[in-house]
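Overview (structure and organization)
Given next are the chains, with one letter for each unit.
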Amino acid sequence: MTVFGVPLAELVQLAQAHFRLSAAAVLLALVIGIPLAIAAVRNEQLRGPLLATVNGIQTVPGLALLALFYPLLLLLGDATGLAIPALGFLPALLALGVYALLPIVRNTVTAFASIDGNLIQAADALGMSARQKLVLVEFPLGTPIILAGIRIAAVWTIGTATLATTIGQPCLGDLIFSGLQIQDWERVLAGCIAAALLALLVDFLLGLVESGLARRSKRRWLAGLAMISVLLLAAFVPPDDWTGRSEQAGMDRTVVIGAKGFSEQYILAELIAARLEKAGYRTKARYNLGSSVAYQAVRTGDIDVYVDYTGTLWANQLDRGEKLSAAEMLSVLRRELSERDGVTVLGALGFENAYAFAIRREQAGALGIASLEDLAREATSLDLATDLEFLSRPEWEGVRDAYGLTFASMRSYSPTFMYSAIEDGSADVISAFSSDGRISALGLTTLPDPRQALPNYDAVLLLSPNAGRDGQLVKSLSELVGSIPIDTMREANWMVDRSQDKRTAREAASWLAQEISASR
Amino acid sequence: METKQDRRGSIRLVDISKSYGETEVLRKISLDIEPHSFVALVGQSGAGKTTLLKTINRLVEPDKGKVAIGDVDAIALDLTALRHSIGYVFQGIGLFPHMTVAENIWLSPRLQNLDPAGRTQRVAELLDMVSLPVEMGTRYPAQLSGGQAQRVGFARALAVDPQIMLMDEPFGALDPMTRVELGQAYRRLHDRLGLTSVMVTHDLAEAMLLADRVLVMEHGLVVADLTPGELMRAKNEGTVGAMVGAVRAQAGRLEALMQGA
């Protein structure tokens, strides 16, 4: 059964993970926030700085906050030598927990500060201790306002939790982000609607508790609490068929597969998953990772395997700019990454996904642009659209300086919209990916790089230190090395990216698997 | 001869001073209050009446001076025990809105871990003591009239048999009829239970009608310490004279009305 084209089991599983994360984050915010708020009520000097701090946190965009916890935990792990997971649940929990502090702290402070002074005087005169006053007077009277704060925190958290996919935590955001990349709007909608329904449901149930307490209807607030508990329990019950991927008995090792946020990466991740599952492994996916995040994650073992590109590693990890042949580059990478980080470069898959400047074929003809040298001449009157990272990558500096490129304007898009931009004319040149099926489909041409300013971008399989020591895993994935020609990859990418007769990443991966075995 | 038992309701203040910043609210006040007496503190706003009252159960800690309750230094007493032994009623009443009348009344016993088995009977006794029907116990404070709420306030303060009752404008928020009725009802309770009562009021007539002894305060000092009768005959000069003059004028007019003027 599917909902908006998403298998129900997958949807349920993501919703469960989403709810577990959100509930844990709100709980964390309560455990930290309420004592802090009480301390701030008792101590006027603490109140201002505390409220300023939680307010300040709130002004940090949620996405940035999530991203910040990744290097923070990485640093902490390196400093303490402890195996602190820097991707997935922990950083997501911490970021969302901190984010949920504001409404809880603010409302608790307000709740306590707004209690009628006569009641406090009466409580003191009756000889209540500070603790008795808290339990018998301040909490019961403050509950409605505190609960309103918890409701706001819950709704915010469930919404913001969709961003947790960017640091590799499965959640309903997986559907939204991957749907966006592969232009599967039903998938995006499924993620949005599920997150919204979850938020509404939780808000309704907390509202039931709130109004139940206000009306002194024990039945009402108990019902609300009971249903919230049921929902929590439900979030821990595994759905019967696990997104169609059967769990193999006997293997206790789960291989975590990483993927950056675009179609080719999803397809390759599915291909790797299918192969490993055939070999008897259990697999788990961490999608939508940024380039540096993905590499750090494989280094620390937060993910076990992912596909990266030699040029990216060359510039970002080795910080090198000189040009070597593809084979030399691969061997340097293999040696250096292994020595420095214990990361295994298993081998090249067989195709290149280079950054390539692409322009509409007719425009290239009209302007007489046949290479990057020609482009440099015309660039000042052209608009450039890039993916989100290109302009901050060393490759851009390299190519810009080699040709003296200056564009009329430069904008960054998520890859899907970068193609839309050149399609609808809001951009003239894009930083395309050479393995992308959309290049020929949209009538674009890629410009040669005679000065060889852009490095090679051969797709390579990277393994974490642990995975690199697993003989069976290495053997199973070695079969993928050299097995995917550029045309095959382009076609698989196009299956997912086109708007007619669209395939899922998993379908494209199984087509790719057939092609690989047929050509062998 | 007084027994030791009888001294439990005594209050002794020695050289009590209190300032808030630059403002001296109490200036070296010394005072002896005998067990079972009914003392009223009168004076204008800002005279220090409420602050003085609150030093007795240490809702206000004096800067200097000593407080003795039943001949025991109040500082030496555990704060909780001290407050449990002193009933406190004030204009704001302070009934807890999330508790029923019965729960409010049973609070002190509950804080002292008294056996909840005795609750129903004790709450009924206390409601009867303040002339409220026992059914009132299940109501919430928001469902009470002002007079009923203050009766509950008295019941709550009396729940653990205090020897001393402190009252800060206890009838201040009530309509004149209720005010007189409740005042007289309290005076009867005071006599019946053998309480020591200290009441702050700005209404001199009320003080004279209810108390045995009236202390007039001004600028942090006790400027007169007289029985109501002595006060009524006081010279018509100074602050005291002015205050009493107004009462005398009222009384004179009322008497004239009664005689058919």
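Since the model is a prediction, treat every value here as computed from it, not as a measurement.

1. Observations regarding the interface of chain B and chain A
Listed by partner, the interface residues are 15 residues for chain B and 14 residues for chain A. Counting only elements with at least two residues in the side of chain B that touches chain A, the list comes to helix H2 (79-84), strand E6 (86-90) and helix H4 (107-111) of chain B. Across the side of chain B that touches chain A, the residue classes break down as seven nonpolar, seven polar and one charged.

2. Looking at helix H22 (residues 486-497) of chain A
All names here are of chain A. With 12 residues, H22 ought to run about 16 Å at 1.5 Å a step, and its terminal C-alpha atoms sit 16 Å apart, in line with that. Three or more residues of H22 are buried, namely Met-489, Arg-490, Ala-492, Asn-493, Met-495, Val-496 and Asp-497. The secondary structure elements touched by the buried residues of H22 are helix H11 (263-278), strand E6 (344-352), helix H19 (438-441) and helix H23 (505-519).

3. Some thoughts on the sheet that holds strand E8 (residues 383-386) of chain A
Residues and elements named next belong to chain A. The strand order E9-E8-E10-E7-E11 describes an open sheet built from five strands, whose pairing is mixed. With partners counted over all chains shown, the strands left at the sheet margins are strand E9 (409-412) and strand E11 (444-446), one partner each. Ignoring which end each strand starts from, the neighbouring axes of this sheet average 30° apart. Sheet topology places strand E7 (residues 355-360) next to E11; three bridges connect them, and they run antiparallel. The residue of E11 that forms the bridge with Ala-358 is Thr-446. Sheet contacts for helix H18 (residues 415-423): E7, E8, strand E10 (429-433) and E11; angle to E8, the most-contacted strand, approximately 155°.

4. Focus on the sheet that holds strand E1 (residues 11-20) of chain B
Residue and element names in this part refer to chain B. Reading across the sheet, the four strands line up as E2-E1-E4-E5 and stay open at both edges, with antiparallel pairing between neighbours. Unpaired on one side and paired on the other, strand E2 (23-33) and strand E5 (72-73) mark the two borders of the sheet. Relative to E5, strand E4 (residues 64-69) runs antiparallel, the two being bridged by two bridges. Note on E5: the bridge partner recorded for Ala-68 is Asp-73.

5. Description of the nonpolar core
In terms of nonpolar packing, the biggest core is built from 153 residues, with Ala100(A), Ile257(A), Ile267(A), Val305(A) and Leu461(A) touching the most fellow members. Element by element, the count of residues in this core is highest for helix H1 (residues 8-42) of chain A, at 12 residues. Discounting chain neighbours no more than four positions away, the residues touching Ala100(A) are Ala25(A), Val26(A), Ala29(A), Ala153(A), Trp156(A) and Thr157(A). Grouped together as the second largest cluster of nonpolar side chains are 76 residues, Ala40(B), Leu53(B), Leu132(B) and Met208(B) included.

6. What about the domain arrangement of chain A?
How large an interface is tends to be reported as the accessible area lost when its parts come together. Domain boundaries in chain A define domain 1 (2-234), domain 2 (254-352 + 457-519) and domain 3 (355-446). Using only C-alpha atoms to locate each centre, domain 1 of chain A and domain 3 of chain A end up separated by 43 Å.

7. Structural notes on the pairing of strand E9 (residues 213-218) of chain B
Residue and element names in this part refer to chain B. Where strand E3 (residues 38-43) lies against E9, five bridges are found, and the strand directions are parallel. Bridging across to E9, Val-42 finds its partner in Val-216. Here E9 folds back onto strand E10 (residues 221-226), and the loop between the two strands holds two residues, one of which, His-219, carries a positive phi near 50°.

8. Some details on the packing of H22(A) against H23(A)
Residue and element names in this part refer to chain A. Axis separation between H22 and H23 bottoms out at 9 Å; the angle between their running directions is 155°. On the basis of their axis angle, the class for H22 and H23 is roughly antiparallel. The handedness of the crossing between H22 and H23 is right-handed. On the side of H22, the interface is formed by Thr-488, Ala-492, Met-495 and Val-496, while H23 contributes Ala-505, Ala-508, Trp-511, Leu-512 and Glu-515. In terms of residue class, the contact of H22 with H23 is made up of seven nonpolar, one polar and one charged.

9. Some thoughts on the packing of helix H5 (residues 101-113) of chain A against helix H7 (residues 130-160) of chain A
To describe two helices that pack against each other, one gives the angle between their axes and the distance between the axes. All names here are of chain A. Contact geometry for H5 and H7: axes closest at 8 Å, N-to-C directions at 155°. On the basis of the axis angle, H5 is roughly antiparallel to H7. Considering only the axes of H5 and H7, their crossing is right-handed. Residues Pro-103, Ile-104, Arg-106, Asn-107, Thr-108, Thr-110, Ala-111 and Phe-112 of H5 touch H7, and the partners they reach there are Glu-138, Gly-142, Ile-145, Ile-146, Ala-148, Gly-149, Ile-150, Ile-152 and Ala-153.

10. Looking at the confidence of the model for chain B
Taken as a whole, chain B shows an average pLDDT of 90; of its residues, 98% reach a score of 70 or greater. Reported for the predicted complex are a pTM of 0.74 and an ipTM of 0.90.

11. Quick look at the environment of Asp401(A)
Secondary-structure assignment places Asp401(A) in helix H17 (residues 394-403). In sequence terms Asp401(A) and Ala453(A) are 52 residues apart; their C-alpha atoms lie 8.8 Å from each other.

Calculation criteria
Residues numbered from 1 in each chain as written. Chains lettered and ligands numbered in written order. Predicted model: local features only at pLDDT ≥ 70, side-chain atom pairs only at ≥ 80, totals over all residues. Contact = placed C-beta atoms within 7 Å. Helix = DSSP H or I, 4+ residues; strand = E, 2+ residues; numbered from the N terminus. Nonpolar A, V, L, I, M, F, W, Y, C, P; charged D, E, K, R; others polar. Expected span 1.5 Å × (residues − 1). Buried ≥ 20, exposed ≤ 12 C-beta atoms within 10 Å, placed from the backbone. Pairing = 2+ DSSP bridges. Axes fitted to C-alpha atoms, helices over the stretch in contact; angles between N-to-C directions. Core = buried A, V, L, I, M, F, W, Y, C linked by C-beta atoms within 7 Å. Domains from an automatic or database assignment. Parallel < 35°, antiparallel > 145°, perpendicular 65-115°, else oblique. Left-handed = near helix turned anticlockwise from the far one by under 90°. pLDDT = per-residue confidence, 0-100.

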